[in-house]
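Structural characterization, general
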Amino acid sequence: MTTSTRRTVLSLYMRVFRIVRTWQAQSGVTSDTETERKYILQEARTLFRQNQQLTDQESIKRCIEECEARIEIGLHYRNPYPRATYLPPLGLATQKGRKLRAQQRLRKQAKPIYLQSHDET
């Protein structure tokens, strides 16, 4: 990891902690705010630790882009949880053969950048 990449990753990590300190749930209920703060911290720690051993610059760049996207979406919608993905047209194929493989490929391609590591946690 280069020095500039390391600096970027650490600044993103600290940005998440600054966001948690000022986070207010959209509902305004104190218990919701605490639950969402805990979720943000847990999710950040899990993903940063999971990706700590990455050495490939391309995969590190993808993780940085995903982190930035999730931060911006969370701040914009005031919702820390990942947004749902929607199935592409004809998303429910039969359980056999080429149609299933084609649908799995379409689902993978349709997955937004901010959810790339969501299934892995």
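- The name given to the chain in an unreviewed UniProt entry is Complex 1 LYR protein domain-containing protein, with Monopterus albus as the source organism.
- According to UniProt, the comment filed for the chain under the heading Sequence similarities (unreviewed entry) is "Belongs to the complex I LYR family."

**Observations concerning the layout of surface pockets**
- Estimates place the volume of the largest pocket at around 820 Å³.
- Lining the largest pocket are 36 residues; nearest its centre among them are Y13, A44, L47, F48 and C67.
- Mapped onto the lining of the largest pocket, the elements with two or more residues apiece are α1 (3–22), α2 (30–50) and α3 (57–77).
- A total of ten residues in the lining of the largest pocket trace back to one element, the largest contributor, which is α3.
- Class assignment of the residues belonging to the lining of the largest pocket gives a composition of 25 nonpolar, five polar and six charged.

**So, the packing of aromatic side chains**
- Tallied over the entire structure, the rule returns three aromatic pairs.
- Pairing Y13 with F48 gives two aromatic rings, centres 4.7 Å apart and planes at 65°, and the pair type is edge-to-face. Taken as a pair, Y13 in helix α1 and F48 in helix α2 lie far apart in primary sequence, 35 residues in all.
- Overall, Y13 belongs to the partly exposed group, its relative accessible area being 21%.
- Taking the relative accessible area as the measure of exposure, F48 reaches 22% and is therefore partly exposed.
- Here the aromatic residues Y13, F17 and F48 are joined through ring pairs into a cluster of three or more.
- One Lys or Arg, R78, reaches over the ring of W23 and ends 4.2 Å from the middle of that ring.

**A few points about the environment of A25**
- With respect to the secondary-structure elements, A25 resides in the loop between α1 and α2.
- Classification of A25 by relative accessible area gives buried; the value is 8%.
- Note: C-alpha distance between A25 and R37 (twelve residues apart in sequence) is 8.6 Å.
- Apart from the residues within four sequence positions on either side, A25 is in contact with D32, T33 and E36.

**Focus: α1**
- For α1, built from 20 residues, the straight-helix expectation of 28 Å at 1.5 Å per residue is met to within 8% by its first-to-last C-alpha distance of 29 Å.
- Burial in α1 covers these residues: T5, V9, L12, V16, I19 and V20. Taken down its axis, α1 places every buried residue within 105° of arc, on the same side. Away from its buried face, by an angle of more than 90 degrees, α1 presents the exposed residues T3, R6, R7, R21 and T22.

Conventions used here
- Counting restarts for each chain: residues are numbered from 1 in the order of the written sequence.
- Local features are withheld for residues below a pLDDT of 70 in this predicted model, meaning they are given only at 70 or higher, and side-chain atom pairs are given and counted only at 80 or more; totals for whole chains, interfaces and linings count all residues.
- Each side-chain value is worked out from all heavy atoms of the structure, with water and hydrogens disregarded.
- UniProt positions are given in the numbering used here, feature names are shortened, and annotations may be inferred rather than shown by experiment.
- Detection works on a 1 Å grid of protein atoms alone, calling trapped sets that fit a 1.4 Å probe cavities and calling open sets with protein on both sides within 12 Å along at least five of seven lines pockets, with lining residues defined by an atom within 4 Å of a point.
- Grid points are joined across faces, edges and corners, and a volume is the space filled by probe spheres set on the points.
- Only DSSP runs of H or I with at least four residues qualify as helices, and only runs of E with at least two residues qualify as strands; both kinds are numbered from the N terminus onward.
- Nonpolar residues are Ala, Val, Leu, Ile, Met, Phe, Trp, Tyr, Cys and Pro. Charged residues are Asp, Glu, Lys and Arg, and all others, Gly as well, are polar.
- Between rings of Phe, Tyr and Trp, where Trp is taken as its six-membered ring, a pair exists when centres lie within 6.5 Å; planes separated by under 30 degrees are stacked, by over 60 edge-to-face, and by other angles tilted.
- Whether a residue is buried, partly exposed or exposed follows from its accessible area with a 1.4 Å probe, protein chains only, as a fraction of its type maximum: under 20%, in between, or over 50%, in that order.
- Sitting over a ring, as applied to charges here, requires NZ of Lys or CZ of Arg to be within 6 Å of the ring centre and within 35 degrees of the ring normal.
- The contact rule is simple, with two residues in contact once any of their heavy atoms fall within 4.5 Å.
- By this rule the span expected of a helix is its residue count minus one, scaled by 1.5 Å.
- The arc in question is traced by the directions running from the helix axis to the C-beta atoms.

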